[in-house]
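# Survey of secondary and tertiary structure
Spelled out, the chains give:
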2 protein chains.
Amino acid sequence: MTAIARNVLLRYQQSFSVQSGCFLQAHVLSLCTPGSLYWRHRPLPIIICQKFASLSYGTSPLNVFTLTIKRVKSYRTHIMIRSLSSSRALQGEVPLTSDQYPSIKRGRFSQVCPDDVAFFESVLPGRVVTGSDDLEAANTDWLRMCRGQSKVLLRPQATDEVSTILKYCNEHNLAVVPQGGNTGLVGGSVPVFDEIIISTSLMNQVIEFNSLSGILTCQAGCILENLELFVQEEGFTMPLDLGAKGSCHIGGNVATSAGGIRFLRYGSLHGNTLGVEAVLADGEIFDGLSSLRKDNTGYDLKQLLIGSEGTLGIITAVCILCPPKPRSVNLALLGCRSFQAVLDTYKFSKEKLGEILSAFELIDCESMKIQETYGGHVNPLQGETLPFYVVVETSGSNKDHDELKMSSFLEEVMGKGYVVDGTIASESFQFKNMWSLREGIAASLMKAGVVYKYDLSFSIEGFYELVDVMREKLKGDALHVCGYGHLGDGNLHLNIVGPTLSKEFLSLIEPFVFEWTSDRGGSVSAEHGIGFKKRDAIQFSKTEKQIGIMQQVKSIFDPKGILNPYKTIPSGS
Amino acid sequence: MTAIARNVLLRYQQSFSVQSGCFLQAHVLSLCTPGSLYWRHRPLPIIICQKFASLSYGTSPLNVFTLTIKRVKSYRTHIMIRSLSSSRALQGEVPLTSDQYPSIKRGRFSQVCPDDVAFFESVLPGRVVTGSDDLEAANTDWLRMCRGQSKVLLRPQATDEVSTILKYCNEHNLAVVPQGGNTGLVGGSVPVFDEIIISTSLMNQVIEFNSLSGILTCQAGCILENLELFVQEEGFTMPLDLGAKGSCHIGGNVATSAGGIRFLRYGSLHGNTLGVEAVLADGEIFDGLSSLRKDNTGYDLKQLLIGSEGTLGIITAVCILCPPKPRSVNLALLGCRSFQAVLDTYKFSKEKLGEILSAFELIDCESMKIQETYGGHVNPLQGETLPFYVVVETSGSNKDHDELKMSSFLEEVMGKGYVVDGTIASESFQFKNMWSLREGIAASLMKAGVVYKYDLSFSIEGFYELVDVMREKLKGDALHVCGYGHLGDGNLHLNIVGPTLSKEFLSLIEPFVFEWTSDRGGSVSAEHGIGFKKRDAIQFSKTEKQIGIMQQVKSIFDPKGILNPYKTIPSGS
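Residues numbered from 1 in each chain as written. Chains lettered and ligands numbered in written order. Predicted model: local features only at pLDDT ≥ 70, side-chain atom pairs only at ≥ 80, totals over all residues. Heavy atoms only, no water.

## Structural notes on the overall build of chain A
Per the secondary structure count, chain A includes 20 helices and 24 strands. A separation threshold of at least 6 residues defines the contact pool for chain A, and within that pool the share at least 24 residues apart is 75%. For chain A, the accessible surface area stands at approximately 20,800 Å², while carbon and sulfur atoms represent 50% of it. (Helix = DSSP H or I, 4+ residues; strand = E, 2+ residues; numbered from the N terminus. Contact = heavy atoms within 4.5 Å. Areas by Shrake-Rupley, 256 points an atom, 1.4 Å probe, with all protein chains shown as cover.)

Quick look at the structure:
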């Protein structure tokens, strides 16, 4: 592994030479504006153009590539691009899923043969990838914990092509895994064995945008951030925003019912997705690409596809309702002495900020320390160390009104003693810094040790209880027990950092965390989904009857089980 | 039929004597504050206490009942209570559904026998209704166009009771129809033949309310308006509001995925319903009463129950996310010279009113005339007659800010000439008058002749086109062709008034209206559902494949087809 570029000053674009055939992996470690600092720590595609995004995941066919930074005039960029001398290095890093889970047996699917590849090539000329280097990234998940052994990656551009492929696969009993931006956290978008990978990366066209209603119709492979930029030009915003926005595909967002920061304000994709087009296992097209706000004609079947993680059909296009773009955004970081004070602050924020409240996120003291130690952040509140910090955001249509509401809110919560310290972001870089303080926790944690991640939901009052329980339980064993997340949605990200990847250590956490959550009526997967890694945890949030119905639904949509096998439905099925 | 009370001055409550055994039907024709006037025309339960609501739908067991008006200090009330000397009169009015639709054959279900009734009586002592007078109202739909011949009405109070009943019915092959407030417009909540009616009217308890998150958990039979009053006390509001709020049950709202006026602001019940508990055909309880905002564990099966019209299960309890109660509401009635000007006004309202816009409703000139002629309304805009009127509402948290936004919006739309006349409601009675002008159209139309109702949705731009088309097509045949509805949601209520109920006249409208709508990608049922009356129209909005999947889903949930037969799924099934 070679670092080929570091601490480069980027002006619009910058070229690097790399050895031909190398596997490229690139991270922007931080972005600094001259004189003031903010941080980002995300895979490159987040801030670069889409064209590069696809290169960053495979072998570059050229020995020169270009970084293009959009909408940024001049930034001193700490950038590290690792050029792996061969993909072997990468192969060595992530053990095969089939080795990690020997109890899971490959389904009775056919194996891809040269005739199959020839057929795919006839449907998708030049868009069938069989080289092992190119496949490597698509076989490995974002967290680098799951790795499949697919021999074929298909890149259709149109729904008809997906239909032709699936009809063929169904007839020939070939299993497939649909893949969007491959940013999921539960191993849902990579093969477990040798499933054919069907990528939506070339299905990236906006089909229609209605600037009166704000209804966007687009192909499944559009990158969320590109859509955000597109609809912003029309005076709208996407109803969801996530840390992975620079890579994730809208089809994947819908397929996993993604949550994120704006959920509190705009609600779930079950509410905001107006239409879904999908190809079913037999190749038939589920033509539900309605752009109507209301349609009460029969069962709302598209809702089954939303959150089905590619196990019921491959989503090829979606209609999303976009709210008007806020013209005024305010952001504050506040410190509280107790969790009760956090709750009081939240209650007050709903009352005082009302319709403009757009995010209420919690960072606990331990997460703040992680950001200071591993994320390179400086806590913007430099007074005493406090047990809880909250990020409060407003989005509205009138700057004066919104600022007045925010200042009146802050005055009251500080006057009442709920908040003991606080700061408001006033410059653009401060906004980014404050958001990155919250959004960057996950990435910083990965530098602190081996992270055991849990994405749970509870009532808001019970949001933090488990963090204290686990801290007590793992005293002396865990390096860090962090609790942060979307407090306004009751969605806790519990992250436990251990010294190594160890079954013994894991047994201290699981199934206890799931049982504890289940006993309190919580969800064992609030927004990350079930995918591969949590399919045996689903029983803690769903009854046997419900799981049975899910299995029957699966058999309606995909009788042979070729769509994303070993995922979502428990292994008992 | 006897009018037993008219033009009564009501102070809090008033008692009337009625003949024992009479069937009561009551309408408040109007409410007047001294000196100023506003109108309502709705079935009584809308403004009276729940206790009376149940009386109003059956024979009163007493000969005295009491009207209680909530939250009203002193109103001169024009009230007419009709006491029907016997239910025979009513029977004569509505032809039996089975006679109206001779092609529909009764399914191979058992007939209720005395042993069945004895069993039901053992489960629901004193809550099994078999007297024909009591059954009459429950057999007849709100529009008085469908009438079944059920011999048994069951009134469970608890989920377990519903479970015991359904298990028995499934084993004994007895068909059932679930009934909430019986306010549906597509004949979905009344029997077609002799299905057993299972009413949720006694399942009317609030189970829990979380005043931090605004999450309400309640039984299915709670009346929407009662819930609104309940959550308002806690500083919240229900995310939906409909004309039928005084009678409709929340379980029925969820089962039909009801829309209404607040849809524009708070979105659909697919987004706002967090949890559903239902009893399936075999008596098993679908335990999905989650009060979590986020839960991504497997397929979101509750979404199938939302809008399934009682054909997949009987909803017994729900969790609803309630937004904070607005502290400031503004309402304006505006007049426009063209539909384009209406669209321009809408676009501007989104821009200027942003997050506080809560309704944008259209009333066309013909609907306004109906309200003047049959509804007793005076057009608040007394200048020239205009082709279009819109009702624009804002709901926000700050009176000063909201008024400023509204006045700035009005200044601009009038300055630009989009709006040529307008008035703002400033007093409480003006608010009610303005809303009743919009909400009362349906009731006023029923006095103008025989109403052929269509509930369609289109893109906003194409909202009004069909009204012009039908007006031209039915020139000389129709008495009135009215277009009004939820413009912001693209949801048109097309109401055609004919001189009589005539198949010939109907053939001028159908299937043309459905075909025209389908050709433009519209929905043939935007918010009213499919129920009984529209099940053969579903094909105009859903593909054969989708209908096929619906049939398979139905067979998973209800293999014997005992739940609300002849509804939702097309008759070909």
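What follows continues from the structure just given.
## Here's the deal with helix H6 (residues 159-171) of chain B
Along its 13 residues, H6(B) runs 18 Å from first to last C-alpha, staying within 8% of the 18 Å computed at 1.5 Å per residue. Buried within H6(B) we find B:Thr159, B:Glu161, B:Val162, B:Ser163, B:Ile165, B:Leu166, B:Tyr168, B:Cys169 and B:Asn170. (Expected span 1.5 Å × (residues − 1). Buried < 20%, exposed > 50% of the residue type's maximum accessible area, 1.4 Å probe, protein only.)

## Here we look at the interface of chain A and chain B
Often, the extent of an interface is quoted as the loss of accessible area on bringing the components together. The interface is formed by 91 residues belonging to chain A together with 91 residues belonging to chain B. Across the chain A/chain B interface, buried area totals approximately 7,000 Å², and carbon plus sulfur atoms make up 57% of it. It is A:Leu212, A:Lys294 and A:Tyr299 in chain A that bury the most area against chain B; as a group they hold 15% of the surface buried on that side. Connecting chain A to chain B are 12 salt bridges. For B:Asp489, the salt bridge identified is with A:Arg293, shortest N-O distance 3.8 Å. Secondary-structure elements contributing two or more residues to the side of chain A that touches chain B are helix H9 (263-266), helix H10 (269-272), strand S16 (285-288), helix H11 (302-305), helix H12 (339-353), helix H14 (399-415) and helix H20 (544-557) of chain A. (Buried area = accessible area lost by both parts, 1.4 Å probe. Salt bridge = Lys/Arg side-chain N within 4 Å of Asp/Glu carboxyl O.)

## Side note on the relation of the copies chain A and chain B
When chain A is fitted to chain B, the residual RMSD is 0.0 Å, and the transformation amounts to a turn of 180° plus an axial shift of 0.0 Å. What the superposition gives is, in effect, a two-fold axis relating one chain to the other. Minimal C-alpha separation from the rotation axis in chain A is found for A:Gly271, amounting to 2.1 Å. Interface residue correspondence from chain A to chain B reaches 100%, placing this contact among same-surface, isologous pairings. (Least-squares fit on C-alpha atoms with pLDDT ≥ 70 in both.)

## Overview of the state of the cysteines
Residue and element names in this part refer to chain B. One pass over the structure, following the stated rule, counts 0 disulfides over all chains. With no disulfide of its own, Cys-218 has Cys-222 as its nearest cysteine by sulfur position, at a separation of 4.2 Å. Its relative accessible area of 0% is what places Cys-218 among the buried residues. Here Cys-482 stays unpaired: no disulfide links it, and the sulfur of Cys-365, its closest cysteine neighbor, is 9.6 Å away. Exposure remark for Cys-482: the relative accessible area of 0% places this residue in the buried category. (Disulfide = S-S within 2.5 Å.)

## Section: the side chain of A:Gln546
Along the chain, A:Gln546 falls in helix H20. Within the structure, the side chain of A:Gln546 is placed 3.2 Å from the backbone oxygen of B:Asp287, a separation counted as a polar contact. Beyond its immediate stretch of four places on either side in the chain, A:Gln546 contacts B:Phe286, B:Asp287, B:Gly288 and B:Leu301. (Polar contact = N/O pair within 3.5 Å; in protein donor to acceptor, adjacent residues only side chain to side chain.)

## Topic: the pattern of salt bridges
Counting across every chain of the model gives 46 salt bridges over all chains. Note that B:Lys545 and A:Asp282 form a salt bridge whose closest N and O atoms lie 3.1 Å from each other. Here A:Asp282 lies in the loop between strand S15 (273-279) and S16 and B:Lys545 lies in helix H20 (residues 544-557), a pairing that spans two chains. With relative accessibility at 23%, the residue B:Lys545 sits in the partly exposed group. Look at A:Asp282 and you get partly exposed, because its relative accessible area is 30%.

## Thoughts on the sheet that holds strand S22 (residues 450-457) of chain B
Residues and elements named next belong to chain B. Pairing within the open sheet is antiparallel, and its 7 strands lie in the order S21-S18-S20-S19-S23-S24-S22. A strand with exactly one partner marks an edge of an open sheet, and here the two such strands are strand S21 (421-424) and S22. Neighbour-to-neighbour, the strand axes of the sheet open up by a mean angle of 15°, direction not taken into account. Summarising the sheet, strand S19 (residues 357-364) and strand S23 (residues 480-486) pair through 2 bridges and their orientation is antiparallel. Bridge pairing in S23 links Leu-362 to Gly-485. Seen against the sheet, helix H12 (residues 339-353) touches strand S18 (328-336), S19 and strand S20 (388-396) and runs at an angle of roughly 170° to S19. Each of S18, S19, S20 and S23 is contacted by helix H13 (residues 365-373), which is oriented at about 100° to S23, the strand it contacts most. (Pairing = 2+ DSSP bridges. Axes fitted to C-alpha atoms, helices over the stretch in contact; angles between N-to-C directions.)

## Comments concerning the confidence of the model for chain A
Confidence along chain A averages 86 in pLDDT terms, with 83% of residues attaining 70 or more. Under the prediction, the complex receives an ipTM of 0.86, its pTM being 0.87. (pLDDT = per-residue confidence, 0-100.)

## With respect to the side chain of B:Thr140
Residue and element names in this part refer to chain B. Tracing the backbone shows Thr-140 in the loop between helix H5 (132-139) and strand S10 (153-154). On the basis of relative accessible area, Thr-140 is assigned to the buried category, the value being 4%. One polar contact links the side chain of Thr-140 to the main-chain carbonyl oxygen of Glu-136, over a distance of 3.0 Å. With residues near it in sequence (within four places) discarded, Thr-140 still touches Val-94, Cys-146, Arg-147, Asn-182 and Val-190.

## Here we look at the packing of aromatic side chains
Scanning the entire structure with this criterion turns up 34 aromatic pairs over all chains. Taken together, a centroid distance of 5.0 Å and an interplanar angle of 70° make the contact between A:Tyr346 and A:Phe360 edge-to-face. One end of the pair, A:Tyr346, is in helix H12; the other, A:Phe360, is in strand S19 (residues 357-364), with 14 residues separating them in the sequence. Judged by its relative accessible area of 1%, A:Phe360 is buried. Ring centres 5.5 Å apart and planes at 70° place the aromatic pair B:Phe120 and B:Tyr168 in the edge-to-face group. Taken together, the residues span a long stretch of sequence, with B:Phe120 in helix H4 (residues 114-123) and B:Tyr168 in helix H6 at a distance of 48 residues. (Phe/Tyr/Trp six-rings, centres within 6.5 Å; stacked < 30°, edge-to-face > 60°.)

## Some details on the pairing of strand S20 (residues 388-396) of chain A
The two faces of a sheet get side chains in turn, since along a regular strand they alternate between them. Residue and element names in this part refer to chain A. In terms of burial, S20 is largely enclosed, as 9 of its 9 residues are buried. Strand direction decides the pairing type here: strand S18 (residues 328-336) and S20, joined by 9 bridges, are antiparallel. Bridge pairing links Ala-332 to Val-392 in S20. Inspection of the sheet shows S19 paired to S20 by 7 bridges, in the antiparallel sense. Residue pairing across strands places Asp-364 opposite Phe-388, the latter belonging to S20.

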